[in-house]
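Below, each chain spelled out in residue letters.
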Amino acid sequence: MRFFDLEVGFRGSARHLPIVALAHYDLARLYYEWNDLDAAGDHAQQGIALSRRSASPEFEVRGHALLAQVEQVQGKTADARASL
């Protein structure tokens, strides 16, 4: 079940600002703590994609580390290594 939708909070081009990637990472951490690993992985991937599109490697690195953590807990060790 999804409790948060970033699409509602950001309009137009604001959805594509690099800082929005950090909001996705925060949501990923929250879903991780709630043990909703699929939602956590989805938000981490959305943040990574946004960081990549906006040429923000410092944000992209944070997302890959978070995604690797989620994948490791899911038992996807090879994917976690690839994410790192």
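Here the residue numbers are simple positions, counted from 1 along each chain's written sequence. The model is predicted, so local features are restricted to residues of pLDDT at least 70 and side-chain atom pairs to those at 80 or more, both for listing and for counting; the totals for chains, interfaces and linings are taken over all residues. Heavy atoms throughout the structure, all of them, feed into the side-chain values; hydrogens and water do not.

This part is about the overall build of the protein chain. Strands here are runs of E lasting at least two residues and helices are runs of H or I lasting at least four, both read from the DSSP assignment and numbered beginning at the N terminus. A tally of helices and strands in the protein chain yields 5 helices and 0 strands. Along the chain direction, N to C, the helices and strands of the protein chain fall in the order α-α-α-α-α. For every residue, the accessible area obtained with a 1.4 Å probe (protein chains only) is divided by the maximum for its type, and the residue is called buried under 20%, exposed over 50%, and partly exposed between those limits. Taken across its 84 residues, the protein chain has 36% of its residues classed as buried. Only the protein chains shown count as covering a residue, and every accessible area follows the Shrake-Rupley method with a 1.4 Å probe. Within the structure as shown, the protein chain displays about 5100 Å² of accessible surface, and the carbon and sulfur contribution to it stands at 56%.

Right, let's talk about the pattern of salt bridges for a bit. Here a salt bridge means any side-chain nitrogen of Lys or Arg lying within 4 Å of a carboxyl oxygen belonging to Asp or Glu. Tallied over the entire structure, the rule returns 2 salt bridges. Put simply, Asp26 and Arg29 hold a salt bridge, and the shortest N to O gap is 3.0 Å. With Asp26 and Arg29 both in helix H2 (residues 18–33), this residue pair falls 3 residues apart, about one helical turn. Owing to a relative accessible area of 49%, Asp26 belongs among the partly exposed residues under this scheme. Accessibility expressed as a relative area gives 35% for Arg29, which makes it partly exposed. Residues Arg52 and Glu60 are paired through a salt bridge, measuring 2.9 Å at the closest nitrogen-oxygen approach. Its relative accessible area of 17% is what places Glu60 among the buried residues.

By convention here, two paired aromatic rings are described through the distance between centres and the angle between planes. Centre distance within 6.5 Å is the pairing criterion for rings of Phe, Tyr and Trp, where only the six-membered ring of Trp is used; planes under 30 degrees apart are then read as stacked, over 60 as edge-to-face, and the remainder as tilted. As enumerated under the stated definition, the model contains 1 aromatic pair in all. Ring centres of Tyr31 and Trp34 lie 5.8 Å apart, and the angle between their planes is 85 degrees; this geometry places the pair in the edge-to-face category. Residue Tyr31 is classed as buried on the basis of its relative accessible area of 0%. A residue is classified by how much of its surface remains accessible, and Trp34, at 45% relative accessible area, is partly exposed.

In a helix, the anticipated span is given by 1.5 Å times the number of residues less one. Between its terminal C-alpha atoms helix H4 (residues 57–73) stretches 25 Å, which fits the 24 Å expected from 17 residues at 1.5 Å a residue. Three or more residues of H4 are buried, namely Phe59, Glu60, Gly63, Leu66, Leu67, Ala68, Val70 and Glu71. In this analysis, two residues are considered to be in contact whenever any of their non-hydrogen atoms come within 4.5 Å of each other. For H4, the elements touching its buried residues are H2, helix H3 (37–53) and helix H5 (77–83). Looking one or two places after H4, you find Gly75, whose phi comes out positive at around 85 degrees.

Comment: axis = line fitted to C-alpha atoms, over the contacting stretch for helices; angle = value between 0 and 180 degrees taken between N-to-C directions. H3 packs onto H2 with a crossing angle of 165 degrees between their chain directions and a minimal axis gap of 8 Å. One element, H2, and the other, H3, form an angle in the roughly antiparallel class. In terms of crossing hand, the pair formed by H2 and H3 is left-handed. The segment H2 lies against H3, with Val20, Ala21, His24, Tyr25, Leu27, Ala28, Tyr31 and Tyr32 engaging Leu37, Ala39, Ala40, His43, Ala44, Gln46, Gly47, Ile48, Leu50 and Ser51. Three classes are used: nonpolar for Ala, Val, Leu, Ile, Met, Phe, Trp, Tyr, Cys and Pro, charged for Asp, Glu, Lys and Arg, and polar for all others, with Gly counted as polar. In terms of residue class, the contact of H2 with H3 is built from 13 nonpolar, 5 polar and no charged. An angle below 35 degrees is treated as roughly parallel, one above 145 as roughly antiparallel, one from 65 to 115 as roughly perpendicular, and anything else as oblique. Two helices that cross are described as forming a left-handed crossing if the nearer one is turned anticlockwise from the farther one by less than a right angle, and a right-handed crossing if clockwise.

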